[in-house]
Every structure is written in C-alpha cells, then in structure tokens.
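# Notes for the structure review
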Amino acid sequence: MPEQSHQEIVQDRLANPHPVMKAIGMLVVAAAQRAFEDKALGDFKWPEQYEGAPEPWIHVAGATADLSKGEGVKGSRFGPADTLMDSGDLWRSIDTRHAGRNEVHVGAGVDYAKYHQWGSDHVGPSVQTVTDAMRRALSHEISNASPNRRDALGKLWNWFRKDHVETRVQQRPFLGITEELEGQIRMAVVEFMEEGKL
C-alpha cells in the first residue's frame, strides 16, 4: 500500500474530526471543573458568598432547599462554605457529548446551573415556594437551635412570611473559553492534524 501524502493525511483527519472534538470537550469539562477549585474562570474571580452580610450568617437558598426536602437545616448553612460545592451535584453534572460532525456540546445537567453561570442579573432571581410544612419545620428548628443559630434562623423566618423566597444569585461562571483553554484547544487540534492522535 503506497504511503499517504501529507494532503491525504490532512483530508482523512478532516473527514473524521470526532477524536479531536471529543478531546476538546474533555478539555472544556476539565477547565470548568477547575473553576470550582480556583473560584474563578480565567480572570473572572468569583465573589464571596453573601459578601458583606451581617452576622449571624445563614445561606438562605440552601436552608430553604433543605427545608423543602423535609430535612433539617444543614450545619454548613450557618457560615461561608466551599462555594458551589455543597453537594457536588453541579460539579459532577458538567459533561460533554458529541453533537455532530464538527461540534461538541459541554454543559451542566442540573436546572440551577444557569443561575450560577449567568447570575440573577441575566436570568432573574431564584424563586422557591414556601409551604406550611416548611414553616412548621423551620419553627421546630428555631425552638431547638442554639442562641446564635436561632438568630440566623430568625432571619430565614422573615423570608418565610411570604409564599415565595426570592434570592438574587451572584454570577460565578464555570463554563467558558479562557485564554489558557483556547491555547490547550489549539494544541489539541495541532497534535491531531500532525500526528492523528491525542
């Protein structure tokens, strides 16, 4: 069998870009997951949780979610926690899928991802319904809490007087093409075109 010319090799690789698309998707997923460790995406540094909120501190959206599930308010809701890593569900949901011959899609598989990626200024506030069962559970939590936690839960009680808790989520993007990622993608394409492997 005659050896392929450089042009034929390039044409063959362009005819089947699936391996490089898959590699690019994996690079994007890795960069997105790294954003959770760095608390930043490229030059965009994530803001602190509830920055400037007075003590006693409570994570309103998280505590509301706990009560909506019929659970007690987690201890981690009473102080700054590892941003966006409470359950790890968002981080684990970031995945890639080959979407076509010349494209790859990367995204997060949880419905609340958009609030963190874009922030409430772009997608609107996060709204959670407050039920009577949640109010009873919160009342029970307040009656059994230590004095400091009781004060924090009291703040939540003020929110629970309404039928909905509306929270403004600050933007903490994790998906995007940074300069570093763009360089990695370029290298992957070059390696694929030159060597046919990644």
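Structure: above.
Only a predicted model underlies this, so the values are computations on that prediction, with no experimental measurement involved.

## Remarks on the overall build of the protein chain
When you go through the protein chain residue by residue, the secondary structure sums to nine helices and six strands. Here the C-alpha coordinates of the protein chain stretch approximately 85 × 30 × 25 Å along the principal axes. Expressed as a percentage of its 198 residues, the buried residues of the protein chain come to 37%. Intrachain contacts of the protein chain at a sequence separation of at least 6 include 69% that bridge at least 24 residues.

## Some remarks on the packing of aromatic side chains
On inspection of all chains with the given rule, the structure shows two aromatic pairs. Ring geometry for F36 against W46: centres 5.5 Å apart, planes inclined by 85°, an arrangement best described as edge-to-face. Taken as a pair, F36 in helix α2 (residues 18-38) and W46 in the loop between β2 (44-45) and α3 (60-68) lie far apart in primary sequence, 10 residues in all. In this pair, the class of F36 matches that of W46, namely buried. Pairing F36 with F174 gives two aromatic rings, centres 5.5 Å apart and planes at 45°, and the pair type is tilted. Taken together, the positions of F36 in helix α2 and F174 in the loop between β6 (164-167) and α9 (179-195) put the pair 138 residues apart, joining distant regions of the chain. Using a relative accessible area of 2% as the deciding quantity, one classes F36 as buried. By the ring-pair criterion, three or more aromatic residues cluster together here, those being F36, W46 and F174.

## Description of the packing of helix α1 (residues 6-15) against α9
Each pair of packed helices can be described by the angle between their axes along with the distance between the axes. Remark: α1 packs on α9, axes separated minimally by 8 Å, with the N-to-C direction vectors making an angle of 125°. Comparing the axis directions of α1 and α9 gives the class oblique. For the pair α1 and α9, contact is made by V10, R13 and L14 and by F192, M193, E194 and E195, respectively. When its residues are assigned to classes, the contact of α1 with α9 shows four nonpolar, no polar and three charged.

## Focus: the nonpolar core
With 16 residues, the main nonpolar core has I58, L67, L138, L153, L156 and F160 as its most contacted residues. Apart from residues lying up to four places away in sequence, L156 is in contact with I58, V60, A63, T64, L67 and L138. Listed in part, the 11 residues of the second largest apolar core include W46, L84, I94 and F174.

## A word on the pairing of strand β5 (residues 126-129)
Residue alternation in β5 divides its side chains into a buried set, S126 and Q128, and an unburied set, V127 and T129. As paired strands, β5 and β6 are joined by four bridges and run antiparallel to one another. Bridged to V127 within β6 is E166.

## As for the pattern of salt bridges
In the structure shown here, the tally under the stated rule is six salt bridges. Of the charged contacts in the structure, one is a salt bridge between R77 and D66, with a shortest N-O distance of 2.8 Å. Of this pair, R77 sits in the loop between α3 and α4 (89-93) while D66 sits in helix α3, and the two are 11 residues apart along the sequence. Each member of the pair, R77 as well as D66, is classed as buried.

Conventions and cut-offs
The written sequence of each chain sets the order in which its residues are numbered from 1. In keeping with the predicted nature of the model, local features appear solely for residues at pLDDT of at least 70, side-chain atom pairs appear and are counted solely at 80 or more, and the whole-chain, interface and lining totals rest on all residues. Only heavy atoms go into the side-chain values, all of them from the structure, while hydrogens and water stay out. Every helix listed is a DSSP run of H or I at least four residues long, and every strand listed is a run of E at least two residues long, numbered separately from the N terminus. Note on exposure labels: buried denotes an accessible area under 20% of the residue type's maximum, exposed denotes more than 50%, and partly exposed covers the range between, all computed with a 1.4 Å probe on protein chains only. Only heavy atoms enter the contact rule, under which two residues are in contact if any of them lie within 4.5 Å. In summary, the pairing rule links any two rings of Phe, Tyr or Trp, Trp by its six-membered ring, whose centres are within 6.5 Å, and it sorts them by plane angle into stacked for under 30 degrees, edge-to-face for over 60 and tilted for everything else. Structural elements are reduced to axes, namely lines fitted to C-alpha atoms, with helices fitted over the stretch in contact, and the angle between N-to-C directions of any two is expressed from 0 to 180 degrees. Should an angle fall under 35 degrees it is called roughly parallel, over 145 degrees roughly antiparallel, and 65 to 115 degrees roughly perpendicular, with every other angle called oblique. All amino acids are sorted into three groups, where Ala, Val, Leu, Ile, Met, Phe, Trp, Tyr, Cys and Pro are nonpolar, Asp, Glu, Lys and Arg are charged, and the leftover types, Gly among them, are polar. Residues belong to one nonpolar core when they are buried, are Ala, Val, Leu, Ile, Met, Phe, Trp, Tyr or Cys, and are joined through side-chain atoms within 4.5 Å. One bridge is not enough; two strands pair if DSSP finds at least two bridges between them. Put simply, a salt bridge is a Lys or Arg side-chain nitrogen that is within 4 Å of an Asp or Glu carboxyl oxygen.

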